[in-house]
Amino acid sequence: MLSPDLLHEAADRFGTPLYVYDAAELDAALGRVMAAFGEARVFFAVKANSNLGVLRRVADAGLGFDCVSYGELCRAEFLGVPGERVISNGPAKSQEEYDLGARLGVTFIVDRVDEVGLLPPRSRALVRVNPALQISTHDHLATGSAASKFGVTPEQVPGVLGALRDGGHRALGLHVHIGSAIRDAQDFTAAYERLSELRGQTGPLEVFDAGGGWGLGADLAGIAREARHAAAVFDAQLWVEPGRYLVAQAGVLLTQVIGTKCTGRNFCLVDAGMTELIRPMMYGAAHPLTPLWQREPVEAWDVAGPACESGDLLARGVPLPQPRRGDLLVVGEAGAYGAAMSSQYLTRSRPAEVLFGNGEWRVLRRRETPEDIWQAELPGRFSPHER
Ligand code: LLP
């Protein structure tokens, strides 16, 4: 994490709430992944942090992009990332995604049997397999369980590969992504084993895409070993798609104390909440909180945001020194799915995003204005593709 002095400086210069990224931390995570997955092709899951400044840095490090929407593909195109380095993923792709994907020459991940007929002519494709396992993560984050909407069943794989080839496509291989924030490497082992069992029916393949999902603090070397092993079973090249692991620890959300209220519970009211960081409310995620002040006494506080919703709590019962208006609180591990999931609910401007690197600050996204938010609602300013 950046020093308290630097964080104070950022708050003074750019205001709060503010997303602050540390270039050194981002480069360190990129380095760890490249070291563990040296020979693999690494596609950054753009959804985790789609800021152009972050994406440019990731692309410059040689990574490709895993995109799950038309907009994310547009970002890849805008940055000039070549199609061989782009994957188009998702359970219900739009026609726009197929069209742009075809123009860029991306690899499509086929997520269901009837998607084969929708692919543009002569597509490069992988088949996403759902191994239907118990996954050790929050229910909303499990994608490789029987109850999740993703992928085809292992039994459907030979048929889909055959249909791809019959349709004149290039069936590159298999894809599996079992969920997100997974700590237990055993889950990956089980998934890769389930897919390896298909080798007898598929024969050798060009690509084995082992997905992402690595929790912070997961055993990266162990996961890499298992993924490499599975790729070898198919004589395939290994691809991976990490999101969180690459960016989470490089970012914090900086928020300022607005005031306090003690009504049986102690509320520390801050200027960021569910609109800036929805993960605590949506997944019960516990983001580490670091107060940048010291004072007595230290008590348990509920940290609440400004939204008109009781669920707008960043954390409950956290020990904090007595807060005062203007104090700064650092919400850690916010570089992934933080800014990317922020919303304009309540016509709240999404925060600015800044990066510190080489001794200087760069604004990667200015703070929105209310006018930015209602821009698309003004008569006469509708896009030519009004639909
Ligand atoms: N590949 C595919 C096909 C995915 O669906 C995902 C994430 C990833 C890769 C990257 O997973 P990661 O390495 O970041 O775990 N909004 C949630 C996370 C949802 C992840 C969805 N898919 C959160 O805030 O925790």
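Residues numbered from 1 in each chain as written. Predicted model: local features only at pLDDT ≥ 70, side-chain atom pairs only at ≥ 80, totals over all residues.

**Q** Quick question: what am I supposed to make of the overall build of the protein here?
**A** Secondary structure assignment for the protein yields 12 helices and 17 strands. At 22 Å, the protein has a C-alpha radius of gyration in line with the 21 Å of a compact globule built from 387 residues. Considered along the principal axes of its C-alpha atoms, the protein spans approximately 70 × 55 × 40 Å. Within the protein, contacts between residues at least 6 apart in sequence are counted, and of these 68% link residues at least 24 apart. (Helix = DSSP H or I, 4+ residues; strand = E, 2+ residues; numbered from the N terminus. Rg over C-alpha atoms; globule rule 2.2 N^0.38 Å. Contact = placed C-beta atoms within 7 Å.)

**Q** Would you take a moment to explain the nonpolar core for this structure?
**A** Side chains of nonpolar character tend, in soluble globular proteins, to be buried together. Residues Val 20, Phe 208, Ala 227 and Leu 254 are the most contacted members of the largest nonpolar core, which totals 101 residues. No other element matches helix H9 (residues 220–233), which puts 5 residues into this core. Both domains that meet at this core, namely domain 1 (4–19 + 248–376) and domain 2 (50–242), each give it at least three residues. Excluding anything up to four places from it in sequence, Ala 227 contacts Tyr 192, Ala 210, Leu 238 and Val 240. (Core = buried A, V, L, I, M, F, W, Y, C linked by C-beta atoms within 7 Å. Buried ≥ 20, exposed ≤ 12 C-beta atoms within 10 Å, placed from the backbone. Domains from an automatic or database assignment.)

**Q** Whenever I open this one, the UniProt feature "domain: Orn/DAP/Arg decarboxylase 2 N-terminal" (unreviewed entry) in the protein confuses me. Can you help?
**A** UniProt tags residues 26–248 as "domain: Orn/DAP/Arg decarboxylase 2 N-terminal" (unreviewed entry). Along residues 26–248 the backbone is 37% helical and 15% strand, and the end-to-end C-alpha distance reaches 9 Å. (UniProt positions renumbered as here; feature names shortened; annotations may be inferred.)

**Q** Looking at this structure, how should I read H9?
**A** Think of an α-helix as turning once every 3.6 residues; residues three or four places apart then point the same way. Counted at 1.5 Å a residue, the expected span for H9 with its 14 residues is 20 Å, and the 20 Å between its end C-alpha atoms agrees. Buried residues of H9: Ile 223, Ala 224, Ala 227, Ala 230 and Ala 231, and no others. The buried residues of H9 occupy an angular sector of 130° when projected down its axis, which confines them to one face. Facing away from the buried surface of H9 by more than 90 degrees, the exposed residues are Ala 221 and Ala 232. On its buried face, H9 is in contact with helix H2 (23–36), helix H7 (185–196), strand S8 (207–209) and strand S9 (237–240). One or two steps after H9, the chain reaches Asp 235, where phi turns positive at roughly 55°. (Expected span 1.5 Å × (residues − 1). Arc of directions from axis to C-beta.)

**Q** Honestly, the site of the ligand in this entry has me stumped. Any pointers?
**A** Taken together, 22 residues surround the ligand, and among them Ala 45, Ser 180, Gly 212, Gly 243 and Tyr 337 come closest. Looking at the shell around the ligand, the elements that each hand over two or more residues are helix H10 (244–247) and helix H11 (279–283). Tallied by class, the residues present in the shell around the ligand amount to 10 nonpolar, 8 polar and 4 charged. Counting contributing residues per domain, the shell around the ligand is built from domain 1 (4–19 + 248–376) and domain 2 (50–242), each supplying no fewer than three. (Near = placed C-beta within 6 Å. Nonpolar A, V, L, I, M, F, W, Y, C, P; charged D, E, K, R; others polar.)

**Q** How should the packing of H7 against H9 be read in this particular structure?
**A** Packed helix pairs are characterised by how far apart their axes lie and by the angle those axes make with each other. Relative to each other, H7 and H9 sit at 0°, their axes nearing to 9 Å. The pairing of H7 with H9 is recorded here as roughly parallel in orientation. Of H9, the residues touching H7 (which contributes Ala 185, Phe 188, Thr 189, Tyr 192, Leu 195 and Ser 196) are Gly 222, Ile 223, Glu 226, Ala 227, Ala 230 and Val 233. In terms of residue class, the contact of H7 with H9 is built from 8 nonpolar, 3 polar and 1 charged. (Axes fitted to C-alpha atoms, helices over the stretch in contact; angles between N-to-C directions. Parallel < 35°, antiparallel > 145°, perpendicular 65-115°, else oblique.)

**Q** Any chance you could explain the sheet that holds S8 here in plain terms?
**A** Strands belonging to one sheet form pairs held by backbone hydrogen bonds; the direction of such a pair is parallel or antiparallel. Read once around its circumference, the closed barrel built from 8 strands follows the order S2-S3-S4-S5-S6-S7-S8-S9, with strand pairing classed as parallel. Adjacent strand axes in the sheet meet at a mean angle of 30° when their direction is disregarded. For strand S6 (residues 124–128) and strand S7 (residues 170–175), the ladder comprises 5 bridges, and the chain directions are parallel. Bridging from a neighbouring strand, Val 127 pairs with Leu 174 of S7. (Pairing = 2+ DSSP bridges.)

**Q** Is there a simple way to think about the pairing of S7 in this case?
**A** Across a regular strand the side chains alternate sides, sitting on one face of the sheet and then on the other. S7 sits mainly inside the fold: 5 of its 6 residues count as buried. Between the parallel pair S6 and S7, the chain is carried across by helix H6 (residues 157–166), and the sense of this crossover is right-handed. Of the strand pairs in this sheet, S7 and S8 are connected by 3 bridges, and their pairing is parallel. Bridge pairing links Leu 174 to Phe 208 in S8. (Right-handed = clockwise from strand over helix to strand, strands pointing away.)

**Q** Explain helix H3 (residues 52–60) to me, please; I cannot follow it from the model alone.
**A** Along H3, the residues classified as buried are Val 54, Leu 55, Arg 57 and Val 58. Looking straight down H3, one finds its buried side chains confined to an arc of 160°; they lie on one side. Turning to H3, the residues buried within the fold contact strand S1 (18–22), H2, strand S2 (41–45), helix H4 (70–78), H10 and strand S17 (360–365). One or two residues past the end of H3 sits Gly 62, with phi positive at roughly 100°.

**Q** Which parts of the structure should I look at to understand the UniProt feature "domain: Orn/DAP/Arg decarboxylase 2 C-terminal" (unreviewed entry) in the protein?
**A** The sites that carry the UniProt feature "domain: Orn/DAP/Arg decarboxylase 2 C-terminal" (unreviewed entry) are, in the present numbering, residues 19–335. The span residues 19–335 shows a helical share of 29% and a strand share of 25%, and its end C-alpha atoms are spaced 8 Å apart.

**Q** Just to check I follow, could you spell out the packing of H4 against helix H5 (residues 95–104) for this structure?
**A** In the contact formed by H4 and H5, the axes pass within 9 Å of each other and the chain directions differ by 20°. Put simply, H4 runs roughly parallel to H5. For the element pair H4 and H5, the recorded crossing hand is left-handed. The segment H4 lies against H5, with Tyr 70, Leu 73, Ala 76 and Glu 77 engaging Glu 96, Glu 97, Leu 100, Gly 101 and Leu 104. (Left-handed = near helix turned anticlockwise from the far one by under 90°.)

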